[in-house]
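Notes for the structure review
Here's the letter readout for the chains.
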Amino acid sequence: MPPPPPILSIRGLQIHYRTDRGVIRAVDGASFDVPAGAVVGLVGESGCGKTTAARAITGVIPANASVVGGEVVYDGRDLAGLSHRKMAPLRWREIAFIPQSAMNSLDPVYRVGAQVLEVLVDRGGYDRKRADARAAELFQMVGLDVKRLRDYPHQFSGGMRQRAAIALALALEPRLIIADEPVTALDVVVQRQVLDLFKALQRRLGLSVILVTHDISVVAYVCDQVVVMYAGKIVESGPVEAVLTRPSHPYTMGLYNAFPDLQRSGGTLVPIDGSPPDLIDPPKSCRFQARCPFQQPRCDAPPDLEPVGDDHYAACWRADDAAELRRLAESPATWERSPA
Amino acid sequence: MAVTSEPRIAVRRPPRLRRMLDGLRRLIALPAHDPFALAGLVIYTVFVLVAILADVLATHDPLEILFLESGRLARSLPAGADHFLGTTNLGRDIYSQLVHGTRGALIVGLAAAIAVVTVGTVVGLVSGYLGGMVDTVLMRLADIALGIPFLPFVIVLAAFLEPSMWNVVLGIALLLWPNTGRVIRSQVLSLRERSFVEAAKVTGSGTLRILFVHIAPNILPLSLLYGSIAVGWAILTEAAINFLGFGASDAVSWGYMLQDAYASQALSRGHYFWFVPPGLCIVVVVVAGFLISRGYEEVFFPKLRE
Amino acid sequence: MSYFANRFLHMLFVLWAVATILFFMFRLMPGTPLAAFIDSTLTEDQQLALIVQFGLDRPLYEQYWKFLVNLVQGDLGRSFFFKKPVTEVVLSVFPNTILLTVTSLVIAYVFGIVVGAFLAWKRGTWIEGVGIPIVLTTRAAPEFWLGMVLLAIFSFNLHWFPSGGANATGSYWDSDWQRIFSADYAHHLALPALTLAVYLQGLPLLLMRSNMLEVMQEEFVTMARMKGLSEWTIVMRHAARNAMLPVVTAFALGIGFSVGGNVVVETVFSWPGLGRLLVNAVASSDYPLAQGAFLLITVVLVTMNFIADMLYAVLDPRVSHGSHE
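The following paragraphs examine the structure supplied in this document. Quantities reported herein were computed from a predicted structural model and do not represent experimental measurements.

1. Description of the overall build of chain A
- What chain A contains, in helices and strands, is 12 helices and 12 strands.
- Principal-axis analysis of the C-alpha atoms gives chain A an extent of 65 × 50 × 45 Å.
- The buried share among the 340 residues of chain A stands at 53%.
- Across chain A, contacts joining residues at least 24 apart in sequence account for 66% of those joining residues at least 6 apart.
- For chain A, the accessible surface area stands at approximately 15,100 Å², while carbon and sulfur atoms represent 51% of it.
- With 38 positive and 39 negative side-chain charges, chain A shows a separation of 6 Å between the mean positions of the two kinds.

This is the structure in structure tokens:
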């Protein structure tokens, strides 16, 4: 029996920002699928385009940004081409968003409960009584004291706010959740708690999730699939287990070394030297070439995403030597820059 | 082959000079980006020139009572070739009064701006950097200054002291520094913790030195900004004081012209050429100040980007 | 609760400080000989009585204490010109000033808030490009000059409005209440209030506009869009409510500021208010009256500053509801 179709399918997505200095090609041809009921991690360093791509799915992008190419297919419809009005019925009812910092994403002058009710009544068609009940239910689901509905956003702690953000996102029983660095602003202990809650809810409700993060250990903890982005392009994607145990792109190998693991302690931190290329005039070569310890002359031509395993893709000319490169990548010496 | 290594002479430009040059460059570059600020600067320049060349540009002595050839008083003449804006009901040339009025306005504006900036900046620096008791006392003084109604205070000052434009400057210096002072203070508070101040302390720089050599250049743009706003206030206040009759009566200022016009029933006579131009001049000069200060505000504190 | 107490004590402190400054100003500045507090037209006995009452024969600190005691009891001396207690004279004109101030502020703020929000909405269009300079011009124009121009056009030229005063000269009214709430009063109030409103609207307008622009950039507005809330809901219910806070505070502050600042407009329109009273009192060396008028203006200013502080605390949940875990 063929696998069920993915709930979201992104093909060749291109998003540009217009700035004073020029046009930033923030997302330059990204393609990946989100299987129904799966948690897909979108990981990369800041500026790689992951947040831009993820937010674009909701249809709310900054005024100076525009989707210049590609498609975002949800339920058979291309969201990228939809007008603001046509997109409206999907918002929050089908596709919801969990922001990085719930402090700024809640209106400070209204009580949290009022803001939950607003979504339920205005967007969900609930009447007041059912909305009250549902709001209480949502808070219980995320482990928040129902009395807290009467509080204002600033009265919540960081962890509580993220829980409230999750509750809000689930209000209208959406099918797809976009979570943008949902735990980055929290301290490590609280991160764990919120991620546990999130994982439990996701399993229970069968939600499909795109989880944007720069922290690969979060991906390891929560995600089923992972998509690694670098400089506006996807460099590797596949099941979490495969990508993390058998990374086939040098960047992924470096990422893994650069973060402490949630599940096992120890291991040396080895940051990747250098910084990403300028996206106004990106290099015509493989974009990681300048920082890659394994680069070769053939990397002057940009590689495509090629299969390296079961549902596992990587964009590297040396993907066949991945096992050897992985071994080298484990030692810090590989990543140290040679003196100029 | 003997290799002689040349001694490496490190040419270090003093950091504060560099910072000041940078600031100056930004100051000068502004008009290129902001047409409104440019317009403001042009207007200011024009008025300054008029003030300097007042004696040349005026056609008559502003206070001289003029007579026609027939020996009659040249009263309430309409605008014409001899008198560009006509004459007052006492036979004085309005245009010449207007030209000479620029002097008073600009001098007051400049003096008040300097006063407010100086007091506000010094208070802000001292209060922010020293903190503690000094800060508390200064901020209480600021609260008191803010609790005194501005115009009434200047009126009382003008009434008790010799009527002169310096009363306005004094009133502004005494009462309008708190806003500048508070903003500078909060800037200093944030700068105080920065590394270059720590470095200066470690190398043994005294408090005064740190304040005036390291911190001051960083807050100067803010001071200038508030100074440019103070100019407009000063001109408006001075006009008001003169209009109320508390100004020096021997100097011709725009406020004085307006008071003269009002008292001489120019309004009921529809003598628009008398009382409209002085007000317009005030408007133009003050607007120019606004445009310039808004322009600089965008440069130094860009808040709202496209 | 302690925030309220804190600000209230602070207000009392400022009032006391300003009263003290006033005391020294009116007694020690050049041009105010101590004897100027005694009206020379009074009989010697009356003069002596006044000297004793104000303690003018006593050392300065005793005078100061007497001054404070009298002040708290509401005794501000006797006006030379009106031959009546200063308190009575000052309070009789106070309603005129308050009505002028509040009327013009309400007009100015309603206009400013609406147009400010509108200009924020029209950011980047020619409307903004033309609107902002116009607003700046209104802020740059001396209010009394505006008053003069409006007076010349609408009163002397078109005869639509009277040229001065609060009521028609020679009119008779059964009570103060009737006098104030009459069409005649409103007719007289119109032009001065309009003049002030033109001058005052710039502040709320620019403030509202700038606040709206800032608030519309906030994350919670983006989130509201993602939730699919209607643009109207976002702007009215969320953005405007956030943007209004400082404007409401500014309104309270504006009252305090205008009471003193209306001086010139009151003079142009011969509006019998506190400011004009002060000017006349100073000009005629009626020191007790000048002091009293100044004091009342100050009390209003400081009180409104305090009310503005309170307003902000009440309206901003971040202050009124402190954080508790």
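2. Considering the overall build of chain C
- Check the secondary structure of chain C and you find 15 helices and 0 strands.
- Structurally, chain C occupies a C-alpha span of about 85 × 65 × 40 Å along its principal axes.
- Looking at chain C as a whole, 51% of its 325 residues qualify as buried.
- Of the contacts formed within chain C by residues at least 6 apart in sequence, a portion of 72% connects residues at least 24 apart.
- Summing over all exposed atoms, chain C offers an accessible surface of approximately 14,600 Å²; the carbon and sulfur share of this is 68%.
- Side chains of chain C give 18 positive and 21 negative charges; the mean places of these two sets differ by 7 Å.

3. Let's talk about the environment of Val265 of chain C
- Inspection of the secondary structure puts Val265 of chain C in helix α12 (residues 263–268).
- Along the sequence, Val265 of chain C and Phe220 of chain C sit 45 residues apart, while their C-alpha atoms lie 44 Å from each other.

4. A few points about the interface of chain A and chain C
- With 29 residues of chain A at the contact, the number on the chain C side is 22 residues.
- Taken together, the two surfaces of chain A and chain C that pack against each other cover about 2,600 Å², and 59% of this comes from carbon and sulfur.
- A per-residue breakdown of the area chain A buries against chain C is headed by Val109, Glu118 and His154 of chain A, which together make up 22% of the total.
- Our count for the chain A to chain C interface comes out at 3 salt bridges.
- The partner of Asp122 of chain A in a salt bridge is Arg237 of chain C, and the shortest N-O contact between them spans 3.5 Å.
- Across the contact surface, chain A and chain C share 10 residue pairs in polar contact (both at pLDDT 80 or more).
- Looking at the side of chain A that touches chain C, the elements that each hand over two or more residues are α1 (50–58), α3 (102–105), α4 (112–124) and α6 (158–170) of chain A.
- With 4 residues, α4 of chain A is the single largest residue contributor to the side of chain A that touches chain C.
- Classifying every residue of the side of chain A that touches chain C by side-chain character gives 13 nonpolar, 7 polar and 9 charged.

5. Side note on the sheet that holds strand β1 (residues 8–19) of chain A
Residues and elements named next belong to chain A.
- Within the open sheet, the 4 strands sit side by side as β2-β1-β4-β5. Their pairing is antiparallel. The sheet is open, and its two borders are formed by β2 (22–34) and β5 (77–78), each paired with just one other strand.
- Where β1 and β2 come together, 10 bridges link them in antiparallel fashion. Looking across to β2, one finds that Ile15 is bridged to Val27.
- Running over the sheet, α1 touches β1, β2 and β4 (65–74) and is turned about 110° from β1.

6. Things to note about the packing of α6 of chain A against helix α7 (residues 188–205) of chain A
Residues and elements named next belong to chain A.
- The N-to-C vectors of α6 and α7 enclose an angle of 15°; their axes lie 10 Å apart at closest approach. What the angle tells us is that α6 and α7 run roughly parallel. The handedness of the crossing between α6 and α7 is right-handed. Along its contact with α6, which presents Gly159, Gln162, Arg163, Ile166 and Leu170, the element α7 presents Val190, Gln193, Val194, Leu197, Phe198, Leu201 and Leu205.
- Of the residues assigned to the contact of α6 with α7, the class counts are 8 nonpolar, 3 polar and 1 charged.

7. Comments concerning the pattern of salt bridges
- Counting across every chain of the model gives 28 salt bridges over all chains.
- Note that Glu324 of chain A and Arg327 of chain A form a salt bridge whose closest N and O atoms lie 3.2 Å from each other. Residue Glu324 of chain A and its partner Arg327 of chain A are located together in helix α11 (residues 322–329), separated by 3 residues, close to a single helical turn.
- Between Asp143 of chain B and Arg140 of chain B there is a salt bridge; the shortest N-O distance is 2.6 Å. A residue pair is termed a helical-turn pair when its members lie 3 or 4 positions apart in one helix, as Asp143 of chain B and Arg140 of chain B do in helix α5 (residues 132–147) at 3 residues.
- When its relative accessible area of 33% is taken as the criterion, Arg140 of chain B is described as partly exposed.

8. Focus on the pairing of β1 of chain A
All names here are of chain A.
- In textbook terms, the turn of a hairpin is the stretch between consecutive antiparallel strands, and for β1 and β2 this stretch comprises 2 residues.
- Summarising the sheet, β1 and β4 pair through 8 bridges and their orientation is antiparallel. Considered in β4, the bridge of Ile15 is made with Val67.

9. Let's talk about the sheet that holds strand β11 (residues 306–309) of chain A
Residue and element names in this part refer to chain A.
- One open sheet accounts for 8 strands, arranged β6-β7-β8-β3-β9-β10-β12-β11; its pairing is mixed. The outermost strands of the open sheet, each flanked by one partner alone, are β6 (95–98) and β11. Neighbouring strand axes in the sheet, compared pairwise and without regard to direction, differ in orientation by 20° on average.
- In terms of strand pairing, strand β9 (residues 225–230) meets strand β10 (residues 233–239) through 6 bridges, oriented antiparallel. Across the sheet, Met229 pairs through a bridge with Ile234, a residue of β10.
- Set on the sheet, α6 makes contact with β6 and β7 (176–180); between it and β6 the angle comes to about 175°.

10. Description of the environment of Phe67 of chain C
Residue and element names in this part refer to chain C.
- Assignment of secondary structure puts Phe67 in helix α3 (residues 60–72).
- C-alpha separation for the pair Phe67 and Ser182, spaced 115 residues apart in sequence, amounts to 39 Å.
- The residues touching Phe67, leaving out its near neighbours within four places in the chain, are Ala19, Phe23, Arg27 and Gln291.

Calculation rules
- What you see as residue numbers is a count from 1 along each chain, following the sequence as written.
- Each chain gets a letter, beginning with A, and each ligand a number, beginning with 1, in the order they are written.
- Thresholds applied to this predicted model are a pLDDT of at least 70 for local features of residues and 80 or more for the giving and counting of side-chain atom pairs; totals over whole chains, interfaces and linings are not thresholded and use all residues.
- Values reported for side chains reflect all heavy atoms of the structure, with hydrogen atoms and water molecules removed beforehand.
- A run of H or I in DSSP counts as a helix once it spans at least four residues, and a run of E counts as a strand once it spans at least two, with each numbered from the N terminus.
- Accessibility here uses a 1.4 Å probe with only protein chains present; expressed as a share of the type maximum, an area under 20% marks a residue as buried, one over 50% as exposed, and anything in between as partly exposed.
- By definition, residues are in contact when any of their heavy atoms lie within 4.5 Å.
- Values of accessible area rely on a 1.4 Å probe in the Shrake-Rupley scheme; residue burial ignores everything except the protein chains shown.
- When charges are counted, Lys and Arg contribute as positive and Asp and Glu as negative, whereas His and the chain ends are disregarded.
- Each charge is placed at NZ for Lys, CZ for Arg, CG for Asp and CD for Glu.
- Simply put, the buried area is the total loss of 1.4 Å probe accessible area from both parts when two parts are fitted together.
- For this document, the term salt bridge refers to a Lys or Arg side-chain nitrogen within 4 Å of an Asp or Glu carboxyl oxygen.
- Two N or O atoms count as a polar contact when they lie within 3.5 Å, although within protein this holds only if one can serve as hydrogen donor and the other as acceptor, and sequence-adjacent residues are included solely when both atoms are side-chain atoms.
- Any residue outside Ala, Val, Leu, Ile, Met, Phe, Trp, Tyr, Cys, Pro, Asp, Glu, Lys and Arg is labelled polar, Gly included; the first ten of those are nonpolar and the last four are charged.
- DSSP bridges decide pairing: two strands pair if at least two such bridges lie between them.
- Note on geometry: axes are C-alpha line fits, over the in-contact stretch for helices, and angles between N-to-C directions span 0 to 180 degrees.
- Each angle receives one of four descriptions, namely roughly parallel if under 35 degrees, roughly antiparallel if over 145, roughly perpendicular if within 65 to 115, and oblique otherwise.
- The crossing is said to be left-handed when, going from far helix to near helix, the turn is anticlockwise and less than a right angle, and right-handed when the turn is clockwise.

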